[in-house]
Amino acid sequence: MAQPETTRVFLNNVDSYASRHIAQVLSGSVAGAAVNTSSDVEAELVSNHKRTFQVVGTVSHPSAVERPHVVEQYTRLDRDELLSKLMGCDVVIYNVTQHADQVEEALWAASALHSEVEHFSGPKMYILISTIMTWACSKPADPDDLELPFTDAIFWSRRAHPNFERHIDLEKRVVKMGKTDRQLFSTYVVAAGLQYGMGEQIFHYFFKKSWLGEDGPVFGDGENIVPTIHIHDLASVVCSVIQHQPRPYYLLAVDDSNNTMEEIVKKIASVLGPGKIQKKPSEDAFLTKDLSVMEADSLLVSLRMEAAYIKKLFSFNWVCQFGLVENIEVVVQEYRQSRGLLPVRLCVLGPPAVGKTTVSKKICEYYRLHHVTVKGTVSDTIARLEHAVRNPDPGEGQSTQEAQEQLSMMKERLEQNPGKEEDATSQNSLTSIIPEFVLCLEATEAFLLDRVLNLPESRVQEHNCEPENFSRRLAAYNEKQSEDDVVLNYFYEHDIIPLQFEISSNAEADCLPLMQKVIDMVGQPRNYGPSSQEVKEEERRKAGERLRREAQERAEVEQMEADEARARAARWAEWTKKLEQVRQQEEEELEATSRPMRGYLMEQVVPTLSQGLTACCRAQPQDPVDFLAEYLLKNNPFEADHEQLS
């Protein structure tokens, strides 16, 4: 038997939802192994031509974690570097179903490879994974038969949604490039329906809403038919294209569901949440922060489609051939496992009026659980049955009398409290929903009676706690506890050890030690959280925001410092100017003040003093000061004038 050939496959954005799962399927599969053939000859051909896939690809963020199913991952490559990587691959896959910014790169990659055909060392294949939104505005093939689905056989007549014109242009150009030399460069377009499964992406908003116990939002009337495909089935289509290289180069990849949006949301809500939906205007889809514009457009599309070529050409093991609604249990299980959403099932037991409802509500608030009560369940069921009797479905063929009889029987059955389940199916069902944890509240009779006597009248009526009724209920509870066949024994038999806690106070603070014991027993909340991939993306987003915020703060500080420096320089210049003005003014004042004195000195003192200094220099006496003083006295012009006057 021939050794498996290795096919090197390039895939863009391997850290995104769709590409990540396609890479996982490719790297974990053998081309031909998953394909069911109908004849021994075909089976032998497939077994002799198996190929293993070696996946390489780009990541959208440099800090993306290493993935074992991707042997090489690249980030921030320039066009020359990227072309070199593409040339080293046998198959190039570009997925543009999630990120519109990949459309330009996908076109460039196809064009660059097409221009390098003469330098190929062997045949290459280019697969574009596009979206059914390029069909969104297509006109029915037969206006008289609106039930007739669109098929890939008439792909040439498709009309794109206005926001997806770039996608359809990309499809057309990729198809055209593959016609030049299909022996060396073959191109395919796989138009995929809205993908689901493995943790969800576009439908994640609805899964999350239901998991959190909220009503499922339906945008518009909900009658629009949404083409879908499980992400692993899409990966199988891609594997089949690589393996078989079919003649048709345009393929629709959709399952056989043709479910309406209301059917999808209602089914998700019924399995994960309270089962209720809420109709909203179509415009609200674009106002929902959890949905991109691209996703909102896709959720409002209405197309009845059939993957004719896939059914005719390929035969692989479908994961969900008949859609999300038909396979909701499988999809929900994948969702829980992918996102680590493990349910907490906790049962609270205890005598009447011990506070089971209050404690249950607090536990539900902390763990974000659905609070299920026997009384509420019975009341809701009876209300639905009564509604069915008042509003019979004419298609059911059931008379009102028969419905009323069934209602009576159902009331009787619901109001019973059987101690044992004899039916094996029921027993298995009970086992599948058995609580993980049991909390048993205890209290003395005196405490319970005192609590009931102090209840407000409204609470007494609501809980049927009139003294005589309560005493009867408490006596019945105590009698059952004395029997061997008590509820707690059932849990002990299943290795579930109940947590017993005695209630001794009505104070709100008394719940704190109880809640702490519950948390110690159950652990931290397992309520909704993002997947590990989303955690990393959220961390990257927060890191990016932090860096942008720090850069902005630094810029603001620098701007503030620059403003302060400019203001300081302006103040210094102004102060220097004023100081110079003051100095000049002082000099002018000093000049004006000293001018008379200077004139007096020049006229009356300086001439005689100059003569005395000159004489002193000539005589060079031992005591020049005395010499100068004596000279001034002898030669004082004022004394001479005085003598003349006298």
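See the structure above.
Definitions and limits used
Residues numbered from 1 in each chain as written. Predicted model: local features only at pLDDT ≥ 70, side-chain atom pairs only at ≥ 80, totals over all residues. Heavy atoms only, no water. Helix = DSSP H or I, 4+ residues; strand = E, 2+ residues; numbered from the N terminus. Buried < 20%, exposed > 50% of the residue type's maximum accessible area, 1.4 Å probe, protein only. Contact = heavy atoms within 4.5 Å. Salt bridge = Lys/Arg side-chain N within 4 Å of Asp/Glu carboxyl O. Patch = residues over 30% accessible without salt bridge, like charges linked within 9 Å, V, L, I, M, F, W, Y side chains within 5 Å. Areas by Shrake-Rupley, 256 points an atom, 1.4 Å probe, with all protein chains shown as cover. Axes fitted to C-alpha atoms, helices over the stretch in contact; angles between N-to-C directions. Left-handed = near helix turned anticlockwise from the far one by under 90°. Nonpolar A, V, L, I, M, F, W, Y, C, P; charged D, E, K, R; others polar. Pairing = 2+ DSSP bridges. Phe/Tyr/Trp six-rings, centres within 6.5 Å; stacked < 30°, edge-to-face > 60°. Lys NZ or Arg CZ within 6 Å of the ring centre and 35° of its normal. Right-handed = clockwise from strand over helix to strand, strands pointing away. 1 Å grid on protein atoms, 1.4 Å probe; cavity = no way out; pocket = protein on both sides within 12 Å on 5 of 7 lines; lining within 4 Å. Points joined across faces, edges and corners; volume = space filled by probe spheres on them.

Enquirer: Help me understand the environment of Val-55 in this model?
Expert: Looking at the secondary structure, you find Val-55 in strand 3 (residues 51–58). Judged by relative accessible area, which is 0%, Val-55 ranks as buried. Excluding its chain neighbours within four sequence positions, the residues that come into contact with Val-55 are Val-9, Leu-11, Ala-23, Leu-26, Ser-27, His-69, Val-70, Val-71 and Glu-72.

Enquirer: Honestly, the pattern of salt bridges in this entry has me stumped. Any pointers?
Expert: A side chain of one charge can pair with a side chain of the opposite charge when the charged atoms of the two come close. Applying the stated criterion to the full structure yields 15 salt bridges. Ionic pairing is found between Asp-169 and Arg-173, a salt bridge with its closest N-O pair at 3.7 Å. Within this pair, Asp-169 and its partner Arg-173 are both found in helix 5 (residues 165–177), separated by four residues, close to a single helical turn. According to the relative accessible area criterion, Asp-169 is partly exposed, its value standing at 36%. Among the ionic contacts, a cluster of salt bridges with common partners joins Asp-256, Glu-306 and Lys-311.

Enquirer: Quick question: what am I supposed to make of a nonpolar patch on the surface here?
Expert: A grouping of Met-597, Tyr-600, Leu-601, Val-605, Leu-609, Leu-613 and Leu-632 is seen on the molecular surface, where their side chains present a nonpolar patch of about 590 Å² in accessible area. Note that Met-597 resides in helix 23 (residues 532–619).

Enquirer: Can you walk me through the packing of helix 8 (residues 261–272) against helix 13 (residues 328–339) in this structure?
Expert: Axes are the key here: two packed helices are described by the angle between their axes and the distance separating the axes. Where helix 8 contacts helix 13, the two axes come as close as 11 Å, and the packing angle between them is 65°. The way helix 8 lies across helix 13 gives a crossing that is right-handed. Across from Lys-267, Ile-268, Val-271 and Leu-272 in helix 8, the residues of helix 13 making contact are Ile-328, Glu-329, Val-332, Tyr-335 and Arg-336. Classifying every residue of the contact of helix 8 with helix 13 by side-chain character gives six nonpolar, no polar and three charged.

Enquirer: What is the right way to look at the sheet that holds strand 16 (residues 437–442) in this model?
Expert: Either a parallel or an antiparallel arrangement is found when strands of a sheet pair, and the pairing is made through backbone hydrogen bonds. Strand order in the open sheet made by the three strands is 15-16-17, with parallel pairing throughout. Bordering the open sheet on either side are strand 15 (346–349) and strand 17 (499–502), each of which pairs with just one other strand. The average undirected angle you get between the axes of adjacent strands in this sheet is 20°. Direction of pairing for strand 16 relative to strand 17: parallel, over a ladder of four bridges. The residue of strand 17 that forms the bridge with Cys-440 is Gln-500.

Enquirer: How should I be thinking about the packing of aromatic side chains in this particular structure?
Expert: Think of a pair of aromatic rings as described by two things: how far the centres are apart, and how the planes are tilted against each other in angle. Enumeration according to the criterion identifies 15 aromatic pairs in this entry. Measuring from centroid to centroid gives 6.5 Å for Phe-203 and Phe-206, while their planes differ by 50°, and the two rings are tilted. For the pair shown, Phe-203 and Phe-206 are each scored as buried. Through successive ring pairs, a cluster of aromatic residues spans Trp-135, Phe-150, Phe-155, Tyr-249 and Tyr-250. The ring of Phe-120 is capped by Lys-124, whose NZ or CZ atom sits 5.4 Å from the centre of that ring. The ring of Tyr-188 has Arg-182 lying over it, and the distance from NZ or CZ to the ring centre is 5.3 Å.

Enquirer: Quick question: what am I supposed to make of the pairing of strand 5 (residues 91–95) here?
Expert: Side-chain positions along a regular strand alternate between the two faces of the sheet. With respect to burial, strand 5 is a largely interior element, five of its five residues being buried. Here strand 5 shows no split at all, with Val-91, Ile-93 and Asn-95 on one side and Val-92 and Tyr-94 on the other all buried. Bridging between strand 1 (residues 5–11) and strand 5 involves three bridges; their strand directions are parallel. Residue pairing in the sheet places Val-9 in a bridge with Val-91 of strand 5. Following the backbone out of strand 5, through helix 4 (residues 102–115) and into the adjacent parallel strand 6 (residues 124–131), one traces a crossover that is right-handed.

Enquirer: Can you help me understand helix 6 (residues 204–211) in this one?
Expert: In an α-helix, one turn spans 3.6 residues, which is why side chains three or four residues apart end up on the same side. Extensive coverage of helix 6 is indicated by the burial of six of its eight residues. The set of residues buried in helix 6 consists of His-204, Tyr-205, Phe-206, Phe-207, Ser-210 and Trp-211. Following helix 6 by one or two positions, Gly-213 has its phi on the positive side, about 80°.

Enquirer: When you look at empty space enclosed by the protein in this model, what are you seeing that I'm missing?
Expert: Picture a little ball the size of a water molecule; that probe, rolled over the atoms, points out where space is still empty. Taken as a whole and judged by the stated rule, the model has one cavity of 30 Å³ or more. In this structure, the largest cavity spans a volume of roughly 170 Å³. Along its surface, the largest cavity is lined by 13 residues, and Thr-97, Gln-195, Gln-201, Ile-202 and Ser-298 are the ones closest to its centre. Sorting the residues of the lining of the largest cavity by element identifies strand 9 (194–196) and helix 10 (293–299) as the ones contributing at least two each. At three residues, helix 10 tops the list of elements feeding residues into the lining of the largest cavity. Here the lining of the largest cavity is composed, by residue class, of five nonpolar, seven polar and one charged.

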